[in-house]
Amino acid sequence: MSIDDLELAVVPLDAPEAQDPNLTGAKAAHLARAAVAGLPVLPGFVLVPADRAPEAPTGHKAVRGAWQALAGAHASARALVVRSSSVYEDTEYSSMAGRFESVLDARGWEEFTAAVSTVLGSARRVRPLRQSPNALPGDGMAVLVQPMLRSAVGGVMFGADPVEGRTDRILVSAVRGGPDQLVDGSTQGVRYQLTRRGRLVRAEPAEARDDRLLPHRRTAPLVALAKKTERVFGSPQDMEFGFDAQERLWLFQARPITAMATRPPRGARLLGPGPVAETLPSVLQPLEEDLWVTPMSHGLTVALDVAGAASRRRLRKVPVVTTVQGRAVADLRLLGAVPSRHPFLERLNPAPGARRAAAAWRVGRLRRALPLLAVDLMADVDRALADFPPPREMLSGQLLDAVGWGRKVLSALHAQESLAGALLDGGRGATAAGEALAELAEGRARGLQDEELVQRHPVLLALLPPTLADRAPLPAPIGRTALPRGVGALPVREGLRLRVRWVQEMQARMVRELARRLGVGACELGLSRLVLLRWEELVRVARGDGLPADFAERVPRTDTGVLPDEFRLAAGVPVAEPKSGPRTPGQGSGGGFGTGTAWDGQGERPDRPVLVVRFLDPALAPLLPDVAGLVAETGSPLSHLALLAREYRIPTAVGVPGATERFPTGTPLAVDGGTGAVTVRDLPRAASLPVQARQESAR
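Keep in mind the model is a prediction, meaning the values are calculated, not measured. (Residues numbered from 1 in each chain as written. Predicted model: local features only at pLDDT ≥ 70, side-chain atom pairs only at ≥ 80, totals over all residues. Heavy atoms only, no water.)

The subject of this paragraph is the packing of helix 11 (residues 396-423) against helix 14 (residues 492-518). One can describe the packing of helix 11 onto helix 14 by two numbers: an axis separation of 9 Å at closest approach and a directional angle of 160°. Classified by the interaxial angle, the pair formed by helix 11 and helix 14 is roughly antiparallel. The hand of the helix 11/helix 14 crossing is left-handed. For the contact of helix 11 with helix 14, the per-class residue count stands at 17 nonpolar, 7 polar and 7 charged. (Axes fitted to C-alpha atoms, helices over the stretch in contact; angles between N-to-C directions. Helix = DSSP H or I, 4+ residues; strand = E, 2+ residues; numbered from the N terminus. Parallel < 35°, antiparallel > 145°, perpendicular 65-115°, else oblique. Left-handed = near helix turned anticlockwise from the far one by under 90°. Nonpolar A, V, L, I, M, F, W, Y, C, P; charged D, E, K, R; others polar.)

This part covers unusual backbone geometry. The residue after E204, namely P205, is reached through a cis peptide bond having omega -5°. Mapped onto the elements, P205 comes out in the loop between strand 9 (200-204) and helix 5 (216-233). We note that E247 has phi near 65°; this positive angle belongs to a residue other than glycine. Positionally, E247 belongs in the loop between strand 10 (237-243) and strand 11 (249-256). A positive phi angle, near 55°, is found at A571, a position not held by glycine. Along the chain, A571 turns up in the loop between strand 15 (567-570) and strand 16 (573-576). Taking the relative accessible area as the measure of exposure, A571 reaches 72% and is therefore exposed. (Buried < 20%, exposed > 50% of the residue type's maximum accessible area, 1.4 Å probe, protein only.)

Burial along strand 20 (residues 629-632) is two-sided: the residues G629 and V631 and L630 and A632 are all buried. Of the pairings in the sheet, the one linking strand 19 (residues 609-613) to strand 20 comprises 4 bridges and is parallel in character. Considered in strand 20, the bridge of V610 is made with G629. Here 2 bridges tie strand 20 to strand 21 (residues 652-654), and the two strands are oriented parallel to one another. By the bridge assignment for strand 21, V631 is matched with A653. For the segment spanning strand 20, helix 17 (residues 640-647) and strand 21, crossover handedness is right-handed. (Pairing = 2+ DSSP bridges. Right-handed = clockwise from strand over helix to strand, strands pointing away.)

Printed below as a string of structure tokens:
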């Protein structure tokens, strides 16, 4: 396409109408607005379709005149940069960073017209992923033309730190030369974190003090530019800049920061799946959460209260166990799974000591009474489970009563199991998982099938996670096992844990039967939909009160990958807790925490791919939707592809040495976009076995 075939209008960058993003595109409009506010912006003009600017000079003569005025009297005397300025890019909704073409160093009329055609043509190849509700129909492309500045040092600056979500920090990546080396991902550059007063917090990689790319004479005007730009646009901006040979600072681009990480609020709880993942390792649907997580949380609350481990006020305020992204997680500090942040202050605080002293007499008596109490509880549970008729022979109301009884008894079982673990000697080598492995090995040797094995030896349920869906098959036996000794040989805590699993299985059987009955007739509520109800809603449905008003819009929870070992919530999103110790060689680029399978972008795409590449090539942008992570050997967190990844909330790590060799396609990975840590996940031979069962098989 030749620009001679198009009717283009010329809008000078200093004209008032140039500040309209629906006319000149957001990139040009922002620069026009910045120039009016006195920010250091190069002169230029914008080419737009003639029908959008009826008052502007139009046609070949107007375009050539504007080009010659900017390039100089001699056609080849001054190089120009020809950039896209689409109504879809650089908005608060989406940056579309790097998706459209820009041409640098265009000299002469022929190169200039070819560059304009290239930029206009890129509008047809790229479709907006998200767009402003005010976007105009059509490709919405304008062309920004400015002089080509030879930068001594250039880079990208964010008026806030988008990776850590800090508005009190300014993040800068700089290179020798122009910022295009950074934004296209070909160069990593030096990353600086500055305070709002210009003090250097850290630089990565470290530089010699007398050989810094950005000494104070450069950081001071950069910080001033960041603050001025924020005042002009009303929020911290994502900027491209360059210092010329005379050390003058120029602003090449300013746009909203679209991928600002959310920081956990002050005092946010430290959560983690560790203490409860073995009991509830899978993604839980709402009904499963109410049946199993709520009783567990209540039982652990009772145990913590009895032991005086936490104040009743705090225990009433927050649940000990909850769900995040459908996975059960616990308050790690309440359960004592992590040390206190202020141990010295806690020693000075008399309240915890007084609370424990008041509980000491209860604990002392409980240590002696707990074995008998647990035996009585287990006997009651065994009798109740044995007395239940087959689900098909029970009335629907009886099914609901059985499930409700299970919720209550699970709370007691969890409370006593937690106290038994803290107060009683658990014995050596006797666990429910170990007994189940022994029974499984002998049963398979006799040729018994799964269902018959479970009916004969319910201890085998210890090897399977609870679910309201169809029960998973038993795993293949692994390693050597001891001889089975019977459930009666298990210590108190293991006996209680086994009863927890039996009650959960009973509830699952009752709910499946209830779903079968509700799946016919007027209700037509099958199991896949039934699990989307909360417990109280299910009770109302069974009583004939109808479904919740929003039930048709509910969708099942999906597996989004495992959670970090320790994290805090920020607007409902898990933010991994930074680990102490030496920093990882990679740089975190935001996007949170994710797990998946390494993929180089070629061949068959895994279910949850972690894209592992050498550098952040903008051409990889079409691969980003639905990837579970992004890892690059080079590149800057402020490059275009890293910015797009943050917009998609993709955990991203850059500057990871040898990533493509260390993490070949098929490697199971965990990516922390906050710290830049990339680790290979350990997948044991029997991934479906609970942790304790795998430990038993290894003995």
